[in-house]
Amino acid sequence: MMTNELEVGKSSQMEMFTLPANAAAQKKSDDVHEEKEDLASYLESLSEVPLQSTRLCGYLNKLGGKGPLKGCKTRWFVFDPRKCHLYYFRNAQDYNPLGSMDLSNAAFNYCLEAEEGTFEIKTPEKDYTLKAKNKEVMMYWLQQLQQKRWEHDDKLNHLFEGDVTTSDPQPDTPPILKTEEETNEFLDPVKTPTGLVGEEAASLPAPLQPSTLSNISLKHLGTEIQNFGSKTVFQFHGNKPLRENRTSYEEMNQAASEMSGSPSLPKGEDTSVKECHLDVQKPPSQKSSTGSNLRNFANFLNTVPMCQERFAVKDGTSPAELNKDVLRLTRELNAQRELVKLLHRALEAAQQEKRACGSFITADDSTRLELVRHKVRQIRELENRVCSLEKERHEMEQNLKLQQTHVDELKQHAQLLMVKNHAKQEVILKLTEQMVAKETEKPEFDEVIATTLDELRTKISHMQDVQEAYNTQNKFLNSEIYQITKLWQNTRDHEKALSMKCAYLEARYCQIESKYLVMLHKLQNISGQDETCQEIVKQFIAEQLKWEIKDESNLAVGRICSEHDEYGFKLVSSPMQDQNILAKIQALERKSNDLILGQEGQEKNIQLRWENHLSGKTFGELMPSPELKNLIRNGIPKEHRRHVWRWCINRRVRHIRERYGSNRYQELLKLCKNKQQAASKQIELDLPRTLTNNTHFSSPSSKMVQMLRRMLLAYSWQNPDIGYCQGLNRLAGIALLVLQEEEDAFWCLVAIADCIMPEDYYSKTLTGSQVDQRVFKDILSEKMPRLVSHFDQYNVDLSYVTFNWFLVVFVDSLLSDILLRVWDAFLYEGTKVIFRYALAIFRYNEEEILKLHDTLAIYDHLQCLTKNISEGKNLMNIAFVEMNPFPMRLLQNRRTVHLEKLKTELRELEKIRVEYVKDRDEHKELIAVLSEDEEET
């Protein structure tokens, strides 16, 4: 309570408003305060010094050597956690190690057949055999070494993963480590063998110490000579340099000599300090201060346990008594430190109170009144606190009474149990007496017992033999498994290298074959050739196509080639008679690209980037960012595509779903059952024409077709202005294939038609689609002026091809894997992705189009413009790298301009239509009048 009151007083005084007093008094008080802060920080640093080391060290026998030097030598082993190395010395007093073992990649093992306490440390460089005093010490070393190795690995993992968040990390700060329950998963933890490991083992003689000459390491003779020259008589301090030990020891001697002249030092302690051979000259007399006296007193308390220990050894005191004295003096030292801290806090509180009083005296009346009010508020707070403490005290008293009642009940229960136990003991005694009486009546019972014991001994002996056999078999099988694992790993690495080599060779072969077919195709199209040459080229092409049919099973890439991909799309479209060679070229290019991508690991890199971005997050917690945009442009992995699409769609339609409620789709389905929709006939006509190259929509009775029908009918009721437009069926089909859920696919269709695309994009006039065609032609003329002039020269209308691209977002135009990448970016970024990829398609085929000088040839090439693209990575780079910059603001401005022009043209056309209708009606009336006149005549 005293400490709490002092702290409360300190905090209250620090909050008070103080005015400057006399300059000299203020300076003096500040000096005293700084000196006290100095002393407090020093005493706190002393209290934080650990009193006991926890280093892993101890004596072990090291087996090794060759020839006549082979044998067992006792070494002092010390573990360094910073480098994860195990150093070994000849004894605990040596300065230079004889060697070290790197344990970061080491393995530990022990054999049951070896001598007790023998274990092995296998490192990549060398294997070491060590022997402990007994099995318990061996298990302690093994478990501790495993624990240190795990700690080192965890620390490295945290450093690599960037878990260190401080601007200036300390090298000795331990990382977050595994718990004992995790590290001791297979074996129970072994208690620390007292006196056999740790720094206290350094003062004891080495176990099984051989002769001095045989224990010297001739291999490290130079190190032995250095260690012999640097012998120290001080207490062992692990692997610290000798100069540090000597320096710290001289500082303690100097502190003790300074304190010896103090009049408050006891006489007995002064004598013990002088007997510790602390022959250091006394420093010159200086003006004493509170800080220097306290520092000297703390240093003296630190030196007293060691000096008393040395003094007790001279008198022949046993080590156990010395340890008790050390513990007692340590407790006294801690008590003295706590006392100094309390006195320091009390002095600081009094000084603050003195300053507050001085400022109160020198302040004016208004300031004094404010200070008095502040004090009154503090008094009220303290009174409230006293009341709360009083309530707590009453509650504690009530709890104490309840606990006392519970204790009394337990005592009564214990008495009842004792009575029951006494009754059971009496029953046991009676039964024992009856058994003894029966044994006296039947002497042949002993013979039966003897026979039974002999049989049991025989069985036990047999079971021991069986156990030894099983142990031997177990060891052999473990060794065999180890060898087989090594062989399997080598075989796996060799097989992986061969598969990579085979894949690259196969990709190279596919590239050569593709070039060969391209050359044959060009030779076939060259006019004016000899008939013999044309026949040879046709023969080569026919042979190549026949080989394709025979070796169709070999068109396998990093994945097993089949007719359809995982979404049901055909990998190679069904070629016409004059396009067989182009289809095979396309298949070979796909195979070569997939082989190279699979071996270079680009898909694995993208997968890893996605896993890092999604680590610790759910898909509902995604936030738009440049990093996420870059990931989506490179393609969403198949296992994440469904979830990321749902997130993108929910961002677009959240306000619509909130307006209509969560059961909106079910309500629309009920409406479809009860009422007939005008667009239902057109929907039924378009269902069989939806994604004809996909197996899921090949049959009219398939599940996907039924789901698609319900979706389109529900959307016709959701947006009556559009109802249904040709092209919506293909958009909804792609959404169904990826999202798999009917309602999610419905909201995807709503997001595209109502949120992402401009207004009137799917209306009856298709105004938005026409505007985008004009905007695209403007942008194409800026990005590729040569190509646009080439089209104008031959009067080619690009909307003949591009209108369908924009209306259905490249469905039925691009290959399935490229199409889904386009949709990934389209759902996240919007319509500008369509412009980017449309420009990229023309840039991809620009040179080939410029070589064509006939209108019909250009139109024929435009029809298969997207079918020749098999490198999705190159197309993506063109769309998002070469087509930059591509601001959305420019796109919106040009849409506005062309929309006004289109509306003006539509108004003029409507005016012309109205005039034409009026003239037609007048002409009909005139014809009717003339016909009547003719009839009358």
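Everything quoted here is computed from the prediction, not taken from an experiment.

Reading guide: rules and limits
Residues numbered from 1 in each chain as written. Predicted model: local features only at pLDDT ≥ 70, side-chain atom pairs only at ≥ 80, totals over all residues. Heavy atoms only, no water. Helix = DSSP H or I, 4+ residues; strand = E, 2+ residues; numbered from the N terminus. Buried < 20%, exposed > 50% of the residue type's maximum accessible area, 1.4 Å probe, protein only. Contact = heavy atoms within 4.5 Å. Areas by Shrake-Rupley, 256 points an atom, 1.4 Å probe, with all protein chains shown as cover. Axes fitted to C-alpha atoms, helices over the stretch in contact; angles between N-to-C directions. Parallel < 35°, antiparallel > 145°, perpendicular 65-115°, else oblique. Left-handed = near helix turned anticlockwise from the far one by under 90°. Nonpolar A, V, L, I, M, F, W, Y, C, P; charged D, E, K, R; others polar. Core = buried A, V, L, I, M, F, W, Y, C linked by side-chain atoms within 4.5 Å. Salt bridge = Lys/Arg side-chain N within 4 Å of Asp/Glu carboxyl O. Arc of directions from axis to C-beta. pLDDT = per-residue confidence, 0-100. Pairing = 2+ DSSP bridges. Phe/Tyr/Trp six-rings, centres within 6.5 Å; stacked < 30°, edge-to-face > 60°. Patch = residues over 30% accessible without salt bridge, like charges linked within 9 Å, V, L, I, M, F, W, Y side chains within 5 Å. Lys, Arg positive; Asp, Glu negative; His and termini not counted. Charge placed at Lys NZ, Arg CZ, Asp CG, Glu CD.

### Comments concerning the overall build of the protein chain
Alright, step 1. From N to C terminus, the protein chain includes 31 helices and seven strands.
Alright, step 2. Looking at the protein chain residue by residue over its 937 residues, the buried ones come to 34%.
Alright, step 3. Within the protein chain, contacts between residues separated by at least 24 positions form 71% of all contacts whose residues are at least 6 apart in sequence.
Alright, step 4. Approximately 59600 Å² of the protein chain is accessible, and the part contributed by carbon and sulfur atoms is 55%.

### A few points about the packing of helix 23 (residues 767–783) against helix 31 (residues 888–936)
Alright, step 1. With their axes 9 Å apart at the nearest point, helix 23 and helix 31 run at an angle of 125° to one another. By the criterion of interaxial angle, the relationship of helix 23 to helix 31 is oblique. Two packed elements cross with a definite hand, and for helix 23 against helix 31 that hand is right-handed. Across from Thr 767, Gln 770, Val 771, Asp 772, Arg 774, Val 775, Asp 778, Ile 779 and Glu 782 in helix 23, the residues of helix 31 making contact are Leu 891, Arg 894, Arg 895, His 898, Leu 899, Lys 901, Leu 902 and Glu 905.
Alright, step 2. Looking at the contact of helix 23 with helix 31 residue by residue, the class counts come to six nonpolar, three polar and eight charged.

### Some details on the packing of helix 23 against helix 25 (residues 799–808)
To characterise two packed helices, one gives the angle between the axes of the helices and the distance between these axes.
Alright, step 1. Where helix 23 contacts helix 25, the axes come no closer than 10 Å and their chain directions differ by 120°. Here helix 25 runs oblique to helix 23, going by the angle between their axes. Note that helix 23 runs across helix 25; the crossing there is right-handed. In this structure, helix 23 uses Ser 769, Gln 770, Asp 772, Gln 773 and Phe 776 to contact helix 25, whose residues at the interface are Ser 799, Thr 802, Phe 803, Phe 806 and Leu 807.

### A short note on the nonpolar core
Alright, step 1. Ranked by size, the top nonpolar core spans 116 residues in total, and within it Leu 728, Ile 752, Tyr 762, Phe 810 and Phe 842 carry the most contacts.
Alright, step 2. Those residues within four positions of Tyr 762 in sequence are excluded, and the remaining contacts are Ile 722, Cys 725, Leu 728, Leu 731, Ile 752, Ala 753, Met 757 and Leu 807.
Alright, step 3. Counting residues in each nonpolar core, the second largest holds 25 residues, with Phe 77, Leu 98, Phe 108 and Trp 141 among its members.

### Focus on the pattern of salt bridges
Alright, step 1. Counted according to the given criterion, the structure contains 27 salt bridges.
Alright, step 2. Its salt-bridge partner being Glu 782, residue Arg 894 comes within 2.2 Å of it at the nearest N-O pair. In this pair, Arg 894 sits in helix 31 while Glu 782 sits in helix 23, placing the two residues 112 residues apart along the sequence.
Alright, step 3. Its relative accessible area of 48% is what places Glu 782 among the partly exposed residues.
Alright, step 4. Several salt bridges share partner residues, and in doing so they unite Arg 786, Arg 843, Glu 846, Glu 847 and Glu 882 into one network.

### Overview of helix 30 (residues 872–882)
Alright, step 1. Among the residues making up helix 30, those that are buried are Gly 872, Leu 875, Met 876, Ile 878, Ala 879 and Phe 880. Buried residues of helix 30 fall within an arc of 165° about the axis and therefore sit on the same side.
Alright, step 2. Where helix 30 is buried, its residues meet helix 16 (626–633), helix 26 (816–829) and helix 27 (832–844).

### Looking at helix 16
Alright, step 1. Restricting attention to buried positions, one finds in helix 16 the residues Leu 628, Leu 631, Ile 632 and Arg 633.
Alright, step 2. Gly 635 lies just past helix 16 and shows a positive phi near 110°.

### Observations regarding the confidence of the model for the protein chain
Alright, step 1. Put simply, the protein chain has an average pLDDT of 75, and 70% of its residues get 70 or more.
Alright, step 2. Confidence over residues 1–28 falls short of pLDDT 50; this stretch has 30 contacts with residues more than four positions distant or in other chains.
Alright, step 3. In this model, residues 548–562 is a region of pLDDT below 50 whose contacts with residues beyond four sequence positions or in other chains number 19 contacts.

### Observations regarding the side chain of Arg 149
Alright, step 1. Along the chain, Arg 149 falls in helix 3 (residues 135–160).
Alright, step 2. Judged by its relative accessible area of 14%, Arg 149 is buried.
Alright, step 3. Residues within four places of Arg 149 in sequence aside, it is in contact with Cys 84, Leu 103, Ser 104, Ala 106, Ala 107 and Phe 108.

### Digging into the sheet that holds strand 6 (residues 118–122)
Alright, step 1. Spatial ordering of the open sheet is given by 4-3-2-1-7-6-5, a layout of seven strands whose pairing is antiparallel. Two strands bound the open sheet, and with one partner strand each, they are strand 4 (99–102) and strand 5 (107–109). If you compare each strand with its neighbour and ignore which way they point, the axes differ by 35° on average.

### Examining unusual backbone geometry
Of all residues except glycine, most have a negative phi; of all peptide bonds, most are trans.
Alright, step 1. Note the cis peptide between Asn 884 and Pro 885, where omega equals -5°.
Alright, step 2. Along the chain, the position of Pro 885 falls in the loop between helix 30 and helix 31.
Alright, step 3. Not every positive phi belongs to a glycine, and Asn 795 is a case in point at roughly 55°.
Alright, step 4. Here Asn 795 is to be found in the loop between helix 24 (785–793) and helix 25.
Alright, step 5. The phi angle at Phe 810 is positive, at roughly 65°, despite the residue not being glycine.

### Observations concerning the packing of aromatic side chains
Alright, step 1. Counted by the stated rule, this structure contains 17 aromatic pairs.
Alright, step 2. For the pair Phe 791 and Phe 842, a centre-to-centre distance of 6.1 Å together with 75° between the ring planes defines the contact as edge-to-face. A residue pair is termed long-range when its members are at least 10 positions apart, and Phe 791 in helix 24 and Phe 842 in helix 27 qualify at 51 residues.
Alright, step 3. Its relative accessible area of 1% is what places Phe 842 among the buried residues.
Alright, step 4. Residues Trp 805 and Phe 810 carry aromatic rings whose centres are separated by 5.7 Å and whose planes lie at 35° to one another, so their mutual orientation is tilted.
Alright, step 5. For Trp 805, a relative accessible area of 3% puts it in the buried group.
Alright, step 6. In this structure an aromatic cluster arises from ring pairing among Phe 776, Phe 791, Trp 805, Phe 806, Phe 810, Phe 835 and Phe 842.

### Here we look at the pairing of strand 3 (residues 85–89)
Across a regular strand the side chains alternate sides, sitting on one face of the sheet and then on the other.
Alright, step 1. When you tally the buried positions in strand 3, you get five out of five residues, the bulk of the element.
Alright, step 2. Here strand 3 shows no split at all, with His 85, Tyr 87 and Phe 89 on one side and Leu 86 and Tyr 88 on the other all buried.
Alright, step 3. In this sheet, strand 3 lies alongside strand 2 (residues 71–80) in antiparallel orientation, the contact comprising five bridges. Bridging across to strand 3, Trp 76 finds its partner in Phe 89.
Alright, step 4. Where strand 2 folds back onto strand 3 in an antiparallel hairpin, the turn is made up of four residues, including Cys 84, whose phi is positive at roughly 60°.

### What to know about a negative patch on the surface
Alright, step 1. Residues Glu 915, Asp 919, Asp 921, Glu 922 and Glu 925 make up a contiguous surface patch of negative charge.
Alright, step 2. With respect to the helices and strands, the residue Asp 919 is situated in helix 31.

### Here we look at the pairing of strand 6
Alright, step 1. Pairing of strand 5 with strand 6, which is carried by three bridges, proceeds in the antiparallel orientation. In the strand pairing of strand 6, Ala 107 is matched with Lys 122.
Alright, step 2. Taken together, the five bridges between strand 6 and strand 7 (residues 127–131) define a ladder with antiparallel strand orientation. Each residue of the ladder has a partner; that of Glu 120, found in strand 7, is Thr 129.
Alright, step 3. Where strand 6 folds back on strand 7, the antiparallel hairpin that results is connected by four residues.

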